[in-house]
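Residue-level structure breakdown
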Amino acid sequence: MAKMEAKTSLLDNMIGVGDMVLLEPLNEDSFINNLKKRFDHSEVYTYIGSVVISINPYRSLPIYSPEKVEEYRNRNFYELSPHIFALSDEAYRSLRDQDKDQCILITGESGAGKTEASKLVMSYVAAVCGKGAEVNQVKEQLLQSNPVLEAFGNAKTVRNDNSSRFGKYMDIEFDFKGDPLGGVISNYLLEKSRVVKQPRGERNFHIFYQILSGASEDFLCKLKLERDFSRYNYLGLDSARVNGVDDAANFRTVRNAMQIVGFMDHETQSIFEVVAAVLKLGNIEFKPESRVNGLDESKIKDKNELKEICELTGIDQSVLERAFSFRTVEAKQEKVSTTLNVAQAYYARDALAKNLYSRLFSWLVTRINESIKAQTKVRKKVMGVLDIYGFEIFEDNSFEQFIINYCNEKLQQIFIELTLKEEQEEYIREGIEWTHIEYFNNAIICDLIENNQTGILAMLDEECLRPGTVTDETFLEKLNQVCATHQHFESRMSKCSRFLNDTSLPHSCFRIQHYAGKVMYQVEGFVDKNNDLLYRDLSQAMWKASHSLIKALFPEGNPAKINLKRPPTAGSQFKASVATLMKNLQTKNPNYIRCIKPNDKKAAHVFNDALVCHQIRYLGLLENVRVRRAGYAFRQAYEPCLERYKMLCKQTWPHWRGPARAGVEVLFNELEIPEEEFSFGRSKIFIRNPRTLFKLEDMRKQRLEDLATLIEKIYRGWKCRTRFLLMKKSQIVIASWYRRYAQQKKYQKIKSSAIILQSYIRGWKARKLLRELKHQKRCNEAATTIAAYWHGTRARRELKRLKEEARRKHAVAVIWAYWLGLKVRREYRKFFRANAGRKIYEFTLQRIMQKYFLEMKNKMPSLSPIDKNWPARPYLFLDSTHKELKRIFHLWRCKKYRDQFTDQQKLIYEEKLEASELFKDKKALYPASVGQPFQGAYLEISKNPKYKKLKDAVDEKIIIAEVVNKINRANGKATSRIFLLTKNNVLLADQKSGNIKSEVPLGDVTKVSMSSQNDGFFAVHLKEGSEAASKGDFLFSSDHLIEMATKLYRTTLSQTKQKLNIEISDEFLVQFRQDKVCVKFIQGSQKNGNIPTCKRKNNRLLEVAVP
Ligand SMILES: Nc1ncnc2c1ncn2[C@@H]1O[C@H](COP(=O)(O)OP(=O)(O)O)[C@@H](O)[C@H]1O
Ligand SMILES: [Mg+2]
């Protein structure tokens, strides 16, 4: 139940107190107990006002999920339980909405969780600020710069497996909308001594191990490296592998991050080459060699490693070798070269390795800055995140620790200043009287270190620059003189004898009482480290490298830019950069995260009271609370205060109408809170003692319970009432519905009854009406029937009468007619019989004729001229008419038949007619010829080439061309001759040769003779005395006698206009020369078939036997 309630204040469900300011009583024990209690409940964050204390849980807690981010987004700082996200959100919103540049200062010991905290802040801001492809790329680059820097700048230490060995300050830049634009990273003092030597149980920088574990064989080969860690002197072996750290996987992450940040492939390559060179430098070893003049000299033991380094970096081997053996000192234009002994050579080697690596690291930061820097020139809002190495107290503390602790002093300084300043400003802003609070101000320690004249750093510089022999001891002596009187400086040898007998303080050490505790520093190495000396020969050798990155790392090696002035010392450089940082931070609104380490074992769930107590002490957290509480422990704006406590007073509960401040005044008066316990600011109420607040809280809790009961009571009442009202309302609704339903039913029943009644009445009425109507109808029908009968009777009577009348009239007329007829007949009897007879005869005749013709019409025979049918004669008296009619019809149909003929047919039929006229019933041969068509040209003279000559000789139209038998006049034998008839001549030609034998003009033909029998003989008689007649007449026999005779007759008629005489007789005379011979046809035997034979009997007789 409690868990489900949404939190509205950090005071809700609080474990211990969420804000130390409210701790009561306030002392170290209660402070630690509170932290412990919260830590045990996984509450790792606790506030001191607006400062967040973070205890490293050393295990992953489920409180950084995206849901958590959403929960804390846009919420007030004190609204939810303490969280680093609340601080991040507060900072981001005040940057975005109030345009205040912010800085997040994260402090604490090594391993306390600073770096993690800085990453959490950055990831929160990245999650809540603007979105979009471009913005996301910027975010991604900013976030991915972390793994790169951590690989090169972090290492495993005894306190932290991933300890940052450099200070880092990162400005994230935003535009006016709060979208990230880019960032700038500043780095501070990389702990470069780690490159060449690591304390026990610690490792070199991660990157060395990552390369050797994660790079491919190929890549290692390119870098001339071997995978085995033990091959490299610079890698501490005792803890080369760290539990839970996968160097190979991290190497991939780093390479990926480098790519995202924007490193080119060749840049990555160069970077790893430098790393490889550093690693290999450690393997160069020297051996002593004595020279004749007694000077010590060193020599490289195994030059193989040197050779490989030179190959990697492109340095001339001899140049590097010389730089390891000689040192050139230039003084007053003079160059003096001295040899290096073995120790010096090792010193030179290590210095080179340290410088190479630390310069590479600085170059990396610069390069990353180039990638992530904002692209626009618009005004930017800045959020700085400072993750600097924490206060360090080791067994052996050296120059580095001194510098680091100095930096922490400065941060504490700024913390004090800003916290107090803030507090003070708030009181002034709120118009509240300010009373001074006592607290320890560490300005005095800062002064001990950084004072320009008497500060430790100044003296170290002085010592370094001083001519003559300078050693760490001389430096300590100097300190003993100058700082002896300082309260926070302790030394055995100081003039002040306070520590003369302090055996815990060795002679070679000095001790400083830092704000966080006493630290004893070994003076050994201070001078060297401050000088940070790299022999010029080495930097020049590096500059000569063909490796462009290495060359760029050593610009002072350029002989053209030789600078005889000493470079600034490490101490002064650091001091300057810290000063700049402080200045920078002072312009920004600070947000503090103070990280605390719960144990030294990196273990979860372990809370070491003593260790925590120590940190609380040196972080000055109690003082922080006291300062915060010196004035007023708790402050809150009027509105939320009234909102939280208004239930405690009748006037303000449940609503206060009026200004919130007045409401709070009324409230506090009512509660009778003593006046010295609170004070009214302009916008906030300030509560002096936490007790008051807790009292208020208790009252609130009690009141809330009461109120809860009240609310429950009212709610129950309300619920019951609403339920009752609802039920009542429902009841009414149901009742109304039921009533409506019942009424509806009743109405339906009445309605149906009414309808039944109505229908009965209507039926009854209708039947009554029907009856009446039927009666009326029957009456009407009866009347009509009666009337009809009556009319019928009348009509029949009338009809009878009329008929009677008509009959009478008719009888009268008949009688009259008979009478008249009798009269007329009596009068005209004498004329009547004569006329009527003729007329009847004529009429009858006419009728018979008519009938006859009409019948004839239907009985007509066919149109064929040879059809002999003709209908029988009906009446004897029509005999002649009937015959005449037959004749006329025959003629008509013949004419019709003829009309169909073409001219050619006509010609043929004319010829046939001619033939019939000439030979019908005269010659027995004739009937056989009727069926034969007349062809004329039986021989095709023109077509047959045999008769070409003949054809050429005859130029007239040929009417007959036929082969005939010419009967020899002398013996009666037959010879074949071609018989030609033309228009004017008759020609005889030899059948074989076609030569013309004789030619007779038609005018000379006088007669043609033939028998009446069935033979083809004929004689052609010629005119007496004509030329052709000299040999006598011709006697021929032909198969086509009728045709030839007909054609001869017709041609002669048309040519000479004289009819050719055709004699048909069975005995005729022919003129053979001078003799007249008789040709006689006799009946012959059928010896030779049907062919007639011819025989000369004597001079006067030629006999033809016709079968
Ligand atoms: N909020 C945290 N949640 C879980 N583990 C943490 C958290 N903060 C720190 N740690 C653990 O503590 C280790 C040291 O933290 P780190 O931030 O590197 O310390 P510092 O930077 O202060 O030296 C981390 O590697 C991590 O394992
Ligand atoms: Mg760190």
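A few words now on the overall build of the chain. Looking only at helices and strands, the chain has 30 helices and 31 strands in total. Compactness check: the chain gives a C-alpha radius of gyration of 80 Å against a globular reference of 32 Å for 1107 residues, more than 25% above the reference. Dimensions of the chain along its principal axes, counting C-alpha atoms only, are 220 × 135 × 50 Å. Here the chain holds 1107 residues, and the buried ones make up 46% of them. Restricting to contacts in the chain with at least 6 residues of sequence separation, those with at least 24 account for 64%. As displayed, the chain has an accessible area near 60300 Å², and 53% of this comes from carbon and sulfur atoms. Here the chain contributes 179 positive and 135 negative side-chain charges, whose respective centroids are spaced 22 Å apart.

This next bit is on a positive patch on the surface. On the surface, Arg 762, Lys 765, Arg 767, Lys 768 and Arg 771 cluster together to form a positively charged patch. For Arg 762, the location among the structural elements is in helix α25 (residues 690-859). Judged by relative accessible area, which is 54%, Arg 762 ranks as exposed.

The residue Lys 923 is located in the loop between α27 (903-919) and α28 (926-930) in this model. Using a relative accessible area of 2% as the deciding quantity, one classes Lys 923 as buried. What Lys 923 contacts, discounting residues up to four positions off in sequence, is Met 1010, Ser 1011, Ser 1012, Gln 1013, Asp 1015, Leu 1041 and Ile 1042.

Turning next to the confidence of the model for the chain. Of the residues in the chain, 97% have a pLDDT of 70 or more, and the chain-wide mean is 87. With pLDDT under 50 throughout, residues 1-6 is counted as low confidence; its partners more than four residues away or in other chains account for 1 contact.

Once that is clear, we can look at the coordination of the magnesium ion (ligand 2). Within the protein, Thr 115 (OG1) and Ser 164 (OG) serve as the donor atoms for the magnesium ion (ligand 2), at 1.9 to 2.2 Å. Taken together, the residues Thr 115 in helix α4 (residues 114-128) and Ser 164 in strand β5 (residues 163-164) connect sequence positions 49 residues apart.

Here we come to the pattern of salt bridges. Inspection of every chain in the model, using the stated rule, returns 65 salt bridges. Where Asp 879 meets Lys 883, a salt bridge forms, and the shortest distance between an N and an O atom there is 3.6 Å. Of this pair, Asp 879 and Lys 883 both sit in helix α26 (residues 879-899), 4 residues apart, which is roughly one turn of the helix. Each of the salt bridges in this network shares a partner with another, and the network as a whole consists of Glu 226, Arg 231, Lys 280, Glu 305 and Glu 308.

So, on to unusual backbone geometry. Of note, the amide linkage connecting Glu 24 to Pro 25 takes the cis form, showing an omega dihedral of -10°. By the element assignment, Pro 25 lies in the segment before α1 (28-40). In this chain, Trp 653 is followed by Pro 654 through a cis amide linkage whose omega measures 0°. Among the structural elements, Pro 654 can be located in the loop between α23 (638-645) and α24 (660-671). Even without being glycine, Tyr 58 reaches a positive phi, approximately 55°. Looking at the element boundaries, Tyr 58 is found in the loop between β2 (51-55) and α2 (66-72).

A separate point is the site of ligand 1. Inspection of the region around ligand 1 gives 15 residues, with Asn 56, Gly 111, Lys 114, Thr 115 and Glu 116 positioned closest. A distance of 3.1 Å separates a nitrogen atom of ligand 1 from a polar side-chain atom of Tyr 64. Within the side chain of Thr 115, a nitrogen or oxygen atom sits 2.6 Å from an oxygen atom of ligand 1. In isolation ligand 1 has 550 Å² of accessible area, and contact with the protein removes 84% of it. Among the residues making up the shell around ligand 1, the classes are represented as 4 nonpolar, 7 polar and 4 charged.

Basis of the calculations
By convention here, each chain's residues receive numbers from 1 onward along its written sequence. Here the convention is simple: chains get letters from A, ligands get numbers from 1, in the order in which they are written. In keeping with the model being predicted, local features are shown solely for residues with a pLDDT of at least 70 and side-chain atom pairs are shown and tallied solely at 80 or more, while totals for entire chains, interfaces and linings include all residues. The basis for every side-chain value is the complete set of non-hydrogen atoms in the structure, without hydrogens or water. Helix and strand assignments follow DSSP, with helices taken as H or I runs no shorter than four residues and strands as E runs no shorter than two, numbered in order from the N terminus. When we talk radius of gyration, it's over C-alpha atoms, and the globule rule is simply 2.2 Å times the number of residues to the 0.38. Think of it in three bands: with a 1.4 Å probe and only protein chains considered, a residue is buried below 20% of the maximum accessible area for its type, exposed above 50%, and partly exposed in between. By definition in these notes, contact holds between two residues if any of their heavy atoms fall within 4.5 Å. Only the protein chains shown count as covering a residue, and every accessible area follows the Shrake-Rupley method with a 1.4 Å probe. Neither His nor the chain ends contribute to the count of charged residues, in which Lys and Arg are positive and Asp and Glu negative. Every charge is mapped onto a representative atom, which is NZ of Lys, CZ of Arg, CG of Asp or CD of Glu. Residues qualify for a patch when their relative accessible area is over 30% and they have no salt bridge, like charges being joined within 9 Å and the nonpolar side chains of Val, Leu, Ile, Met, Phe, Trp and Tyr within 5 Å. Salt bridge criterion: a side-chain nitrogen from Lys or Arg within 4 Å of a carboxyl oxygen from Asp or Glu. For every residue, the predictor states its confidence as a pLDDT score lying anywhere from 0 to 100. Each metal's donors comprise the N, O and S atoms found within 2.8 Å of it (within 3.2 Å for Na, K or Ca). Water is not part of the atom list, so some coordination spheres may appear incomplete. To be near a molecule or strand, a residue needs just one of its heavy atoms within 4 Å of it. Here a polar contact is recorded for every N or O atom pair within 3.5 Å, except that within protein the pair must consist of a potential hydrogen donor and a potential acceptor, and residues adjacent in sequence are included only if both atoms are side-chain atoms. Gly is put with the polar residues, along with every residue not named as nonpolar or charged; the nonpolar set is Ala, Val, Leu, Ile, Met, Phe, Trp, Tyr, Cys and Pro, and the charged set is Asp, Glu, Lys and Arg.

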